[in-house]
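What follows is the residue order along each chain.
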Amino acid sequence: MNKYYYLMAQLPSVSYQSPLPMASKAFFELCAAQLAADDLALLASCSLASRSVPTGSRVLTAWAEWEGSLRVTLARLRAQKLGREAELAGLPTPTPIPEADALARVAMASESPLEAEFLLDRGRWAAIEGFRGLDAFDREAVFAYQLQLLLIERRDRLQSTSGYAAYQAAYRQVLDDHEQQSDTGVPA
């Protein structure tokens, strides 16, 4: 297990409520000179999307499983709400993770889509904290830190005026595509 004492000791602490201490790209660049090649490759693959690709990383594997469970539950709940459960027949069935499933249900009950997104991200943050483990200097801590920076960047995009406008436009497009598909029966 690689230890990255110098790298991790120099980083500012992060919390979901705190300002972004550095961009995820800047963190990657800082890591480029200090991480082993295989760890750097894994760091480059860090994403908020769930990917069920074997990584050998405890944090990245747990993240992929958790996020996959959350996304599938959200998709199923949204389809149920729209009366379109049959369209999800081919959707993968990940191992259910009770915390992710419960979070999805609470988010779906939210009146505001934006507030639901913030709620989901706070839940994601808590999950990453749980995956990190106790060793603040190993490679798993590096991967968790990168995921957390990505979450803060996402939060900031949603909070900014332009980010909020883009979010609203994307949400309107989803609704328009849904209505178009409902009218024509063909996916948009």
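Relevant structure appears above.
As the structure is a prediction and not an experimental result, all values here were calculated from the model. (Residues numbered from 1 in each chain as written. Predicted model: local features only at pLDDT ≥ 70, side-chain atom pairs only at ≥ 80, totals over all residues. Heavy atoms only, no water.)

Caption draft 1: Local environment of the packing of aromatic side chains. One pass over the full model with this rule turns up 4 aromatic pairs. For the ring pair Tyr16 and Trp125, a centre distance of 6.0 Å and an interplane angle of 65 degrees mean the geometry is edge-to-face. Pair noted here: Tyr16 is in the loop between helix H1 (5-9) and helix H2 (24-32) and Trp125 is in helix H6 (residues 113-132), with a separation of 109 residues, a long-range link. Judged by relative accessible area, which is 6%, Tyr16 ranks as buried. Each ring, one from Phe27 and one from Tyr145, has its centre 4.9 Å from the other, and the planes form 50 degrees; the classification is tilted. In this pair, Phe27 is assigned in helix H2 and Tyr145 in helix H7 (residues 139-159), connecting sequence segments 118 residues apart. For Phe27, a relative accessible area of 0% corresponds to the buried category. The exposure class assigned to Tyr145 is buried, which follows from its relative accessible area of 4%. (Phe/Tyr/Trp six-rings, centres within 6.5 Å; stacked < 30°, edge-to-face > 60°. Helix = DSSP H or I, 4+ residues; strand = E, 2+ residues; numbered from the N terminus. Buried < 20%, exposed > 50% of the residue type's maximum accessible area, 1.4 Å probe, protein only.)

Caption draft 2: Representation of the environment of Val72 within the structure. Structurally, Val72 can be placed in helix H4 (residues 58-82). You can call Val72 buried: its relative accessible area is 12%. In sequence terms Val72 and Pro94 are 22 residues apart; their C-alpha atoms lie 7.7 Å from each other.

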